[in-house]
Amino acid sequence: MSDTDPFDEIIDAETDRDPDLAVIEAGSRTLRTQGGAATADVPTRPQDPEVDKALRAVEADLATRWGETKLEPSVSRIAALMDVLGEPQRAYPSIHITGTNGKTSTARMIEALLGAFDLRTGRYTSPHVQSVTERITLDGAPISAERFVETYDDIKAYVEMVDAQQEFRLSFFEVLTGMAYAAFADAPVDVAVVEVGMGGTWDATNVIDADVAVVTPIDLDHTDRLGETPGEIAVEKGGVIKQDATVILAQQPVDAAQVLLKKAVEVDATVAREGLEFGVTGRQVAVGGQMLTLRGLGGEYEGIFLPLHGGYQAHNAAVALAAVEAFFGVGTQRPEPLDVDTVRKAFAAVTSPGRLEVVRRSPTVVLDAAHNPAGARATAEAVGEAFDFSRLIGVVGASGDKNVRGVLEAFEPIFAEVVISQNSSHRAMDADELAAIAVEIFGDDRVQVEPRLDDALEAAITLAEEDGEFSGGGVLVTGSVITVGEARLLLGRG
């Protein structure tokens, strides 16, 4: 590698690395080399009244179970369900994704890449933006409402059998996970791309033994369940790293990297690290997204157009590319890179609803599901880079179990004013309670309260238009995936 190699600049920029990590890395095999199909948008409600009725019945049945915020740290129930279903999760290889932010976008990129190389894919992600059916996709598209209902009906008797044998019934997320694994086996798929719900070790998805484990950046979220530092959280998330697997590590805080690399040593996993074995070597803002040069495990990939905004999405793209290279054995069984034209085609087709998604013009309304401080900081930076707003109005509705102060503080520099609202979820923070925190950060004159989300959107659009049609005002709706999903519906995108 020459002194002028742009990849050297990535390595030189790794100023936060702890020299002690070398001790851990010496015991792990680092992955080095010598030398999709378009995803569908968010589904709407079924047009057929009978199908819609059947789907609502399944949704109501699932709603009687523990929600995704009530957990009992164990995989015993989902393992029992897999057993009676005949271990469907073993019928295909898989790529398992954990981390704090960027999991779903990375999963969608991996899916697009695999699809572009003519593999039949299944993808399981959460939470959903608008419809529960979007959590399970086949060949890049959410399964139909009919198939969702059929899958539920197929496994329902087995679910009830496990319920009767366990101390606690299977949760909402556990049943959905069972449905996904069963649907993938039934399809059948060539590879499953699976995002954890929360954590890793005891997450319901962790009954798979993925050949490739992906860890997106770890930050503070769900601290009451996962730990209060990135290192503590990494202990739980490292549970997706299995014996002899390949681990694709996004850039991590030092304490999290130490934990993950130690785990890799323990299970003899091969490790590829962003900033060392792969990364982003070039990035330019472009109309509708960004142009990238990515360093993969097999070499350089130039001229990659990614129709998503933000530097963090470029890093997600690098992680996704490395994961797919690892899946195909690039850097181990085969030294040559993937076909660059196929890679370009796949990335150009990527979508990620609710992630800096423009849903209206004049004024421009952007939706982003940032719900923790790290995600909010990344979104704030990306908005400044991708949009030339002269005046940006925020609409924020958050869940009560999140660090809302940190989220609001991240957005304060870019919001001229903020309209505080709430979504319809039982987890939503009361608008007045959220507004009290917002006033401390923004000041009373920059905060407006509209508990109904439709009223909040109207108020924000009016504020953005105050200086005239051509003023460059915009609206950013954020704070929660649920808030974004409901706004998407209200703005006619579902």
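Here is a short report on the structure shown in this document. It should be emphasised that the depicted structure is a prediction, and the values quoted were computed from it without experimental measurement. (Residues numbered from 1 in each chain as written. Predicted model: local features only at pLDDT ≥ 70, side-chain atom pairs only at ≥ 80, totals over all residues. Heavy atoms only, no water.)

Focus on the sheet that holds strand 11 (residues 289-296)
Quick reminder of the rule: One requirement defines pairing of two strands: DSSP has to find at least two bridges between them. Strands are runs of DSSP state E lasting at least two residues, helices are runs of H or I lasting at least four, and both sets are numbered from the N terminus onward. Orientation is described by lines fitted to C-alpha atoms, with helices fitted over the stretch in contact, and by angles between N-to-C directions that extend from 0 to 180 degrees. We call two residues contacting when some pair of their heavy atoms lies within 4.5 Å.
On the basis of which strands lie adjacent, the open sheet formed by 3 strands has the order 10-11-12 and antiparallel pairing. In this open sheet, the two strands that pair with only one neighbour each are strand 10 (279-286) and strand 12 (299-306). For this sheet the average axis-to-axis angle between neighbouring strands, irrespective of direction, equals 15°. Sheet topology places strand 11 next to strand 12; 6 bridges connect them, and they run antiparallel. From the neighbouring strand, Met291 faces strand 12, where its bridge partner is Phe305. Seen against the sheet, helix 11 (residues 311-327) touches strand 10, strand 11 and strand 12 and runs at an angle of roughly 40° to strand 11.

Quick notes on the environment of Gly329
Note the following rule: For each residue, the accessible area found with a 1.4 Å probe, counting protein chains only, is set against the maximum for its type, and the residue is called buried under 20%, exposed over 50%, and partly exposed in between.
Summarising the element assignment, Gly329 is placed in the loop between helix 11 and helix 12 (340-348). On the basis of relative accessible area, Gly329 is assigned to the buried category, the value being 2%. C-alpha separation for the pair Gly329 and Leu297, spaced 32 residues apart in sequence, amounts to 9.6 Å.

A word on the nonpolar core
General note: in soluble globular proteins, nonpolar side chains tend to be found buried as a group. Here is the rule: To qualify as a nonpolar core, a set must consist of buried Ala, Val, Leu, Ile, Met, Phe, Trp, Tyr and Cys residues joined through side-chain atoms within 4.5 Å.
Core analysis: the biggest nonpolar cluster contains 41 residues, and Ile110, Val214, Ile248 and Phe347 have the highest contact counts within it. Listing elements by their share of this core, those giving two or more residues are strand 2 (94-98), helix 5 (103-116), strand 6 (191-195), strand 7 (212-215), strand 11, strand 12, helix 11 and helix 12. If we skip the residues at most four places from it in the chain, Ile110 touches Ile95, Ile97, Val193, Val214, Ala320, Ala323 and Val324. Grouped together as the second largest cluster of nonpolar side chains are 40 residues, Ile78, Met82, Val207 and Ala210 included.

Focus: unusual backbone geometry
In this structure, Pro127 follows Ser126 across a cis peptide bond, with omega equal to -10°. Take Pro127: it is sitting in the loop between strand 3 (121-124) and strand 4 (136-138). We note that Glu87 has phi near 55°; this positive angle belongs to a residue other than glycine. Positionally, Glu87 belongs in the loop between helix 4 (76-84) and strand 2. Classification of Glu87 as partly exposed rests on a relative accessible area of 28%. At Leu356, a position not held by glycine, the phi torsion is positive, near 45°. Locating Leu356 in the fold gives a position in the loop between helix 12 and strand 13 (357-360).

A look at the side chain of Thr293
For Thr293, the location among the structural elements is in strand 11. On the accessibility criterion, Thr293 (19% relative accessible area) is buried. Each residue touching Thr293, except ones within four places of it in the same chain, is listed here: Gly279, Val280, Thr281, Gly282, Glu300, Tyr301 and Glu302.

Focus on the packing of helix 5 against helix 11
Quick reminder of the rule: Roughly parallel refers to an angle under 35 degrees, roughly antiparallel to one over 145, roughly perpendicular to one between 65 and 115, and oblique to any angle outside these ranges. By convention, the crossing between two helices is left-handed when the near helix turns anticlockwise from the far helix through less than a right angle, and right-handed when the turn is clockwise.
Contact geometry of helix 5 with helix 11 gives a least axis separation of 9 Å together with a crossing angle of 45°. When the axes of helix 5 and helix 11 are compared, the pair comes out oblique. In the packing of helix 5 onto helix 11, the handedness of the crossing is right-handed. On helix 11, the residues that touch Ser105, Thr106, Met109, Ile110, Leu113 and Leu114 of helix 5 are Gln313, Asn316, Ala317, Val319, Ala320, Leu321, Ala323, Val324 and Phe327.

Thoughts on helix 5
Where we set the bar: To estimate how far a helix should reach, multiply one less than its number of residues by 1.5 Å.
For helix 5, spanning 14 residues, the distance from its first C-alpha to its last is 20 Å, which sits close to the expected 20 Å at 1.5 Å a residue. For helix 5, a buried count of 14 out of 14 residues is recorded, marking the element as mostly surrounded by other parts of the structure. Positioned one or two residues after helix 5, Asp118 has a phi angle of 65°, which is positive.

What to know about the packing of aromatic side chains
Let me state the cut-off plainly: Within 6.5 Å between ring centres, the rings of Phe, Tyr and Trp (the latter by its six-membered ring) count as paired, and their orientation is classed by plane angle as stacked under 30 degrees, edge-to-face over 60, tilted in between.
Evaluated as defined, the whole model comprises 8 aromatic pairs. Considering the side-chain rings of Phe327 and Phe328, the 5.7 Å spacing of their centres and the 75° angle between planes classify their relative orientation as edge-to-face. Their ring planes at 20° and their centres at 6.5 Å tell us that Phe415 and Phe442 sit as a pair that is stacked. With Phe415 in the loop between helix 14 (404-411) and strand 16 (417-420) and Phe442 in helix 15 (residues 431-442), this residue pair connects regions lying 27 residues apart in the sequence. Comparing Phe415 with Phe442 shows no difference in burial state: the two are buried. Members of the aromatic cluster, each reached through a chain of ring pairs, are Phe117, Phe327 and Phe328.

Digging into the pairing of strand 15 (residues 391-396)
The criterion, for reference: The handedness of a crossover follows from its direction of travel: if, with the strands pointing away from the viewer, the path from the first strand over the helix to the second runs clockwise, the crossover is right-handed.
Among the 6 residues of strand 15, 6 are classified as buried, and the element is accordingly described as predominantly covered. What you see with strand 15 is no split at all: Arg391, Ile393 and Val395 on one side and Leu392, Gly394 and Val396 on the other are buried throughout. Direction of pairing for strand 15 relative to strand 18 (residues 473-478): parallel, over a ladder of 6 bridges. Residue pairing for strand 18: Val396 is matched across the bridge by Thr478. Here 4 bridges tie strand 15 to strand 16, and the two strands are oriented parallel to one another. What sits directly across from Ile393, in strand 16, is Glu417. This β-α-β element, strand 15 to helix 14 to strand 16, shows right-handed connectivity.

Quick notes on the sheet that holds strand 16
What the 6 strands build is an open sheet, ordered 13-14-18-15-16-17; its pairing is mixed. The sheet is open, and its two borders are formed by strand 13 and strand 17 (447-449), each paired with just one other strand. Across the sheet, the mean angle separating the axes of adjacent strands is 25° when strand polarity is ignored. Direction of pairing for strand 16 relative to strand 17: parallel, over a ladder of 3 bridges. Paired with Ile420 across the bridge in strand 17 is Val449. On the sheet, helix 15 packs against strand 15, strand 16 and strand 17 and is oriented at approximately 175° with respect to strand 17.

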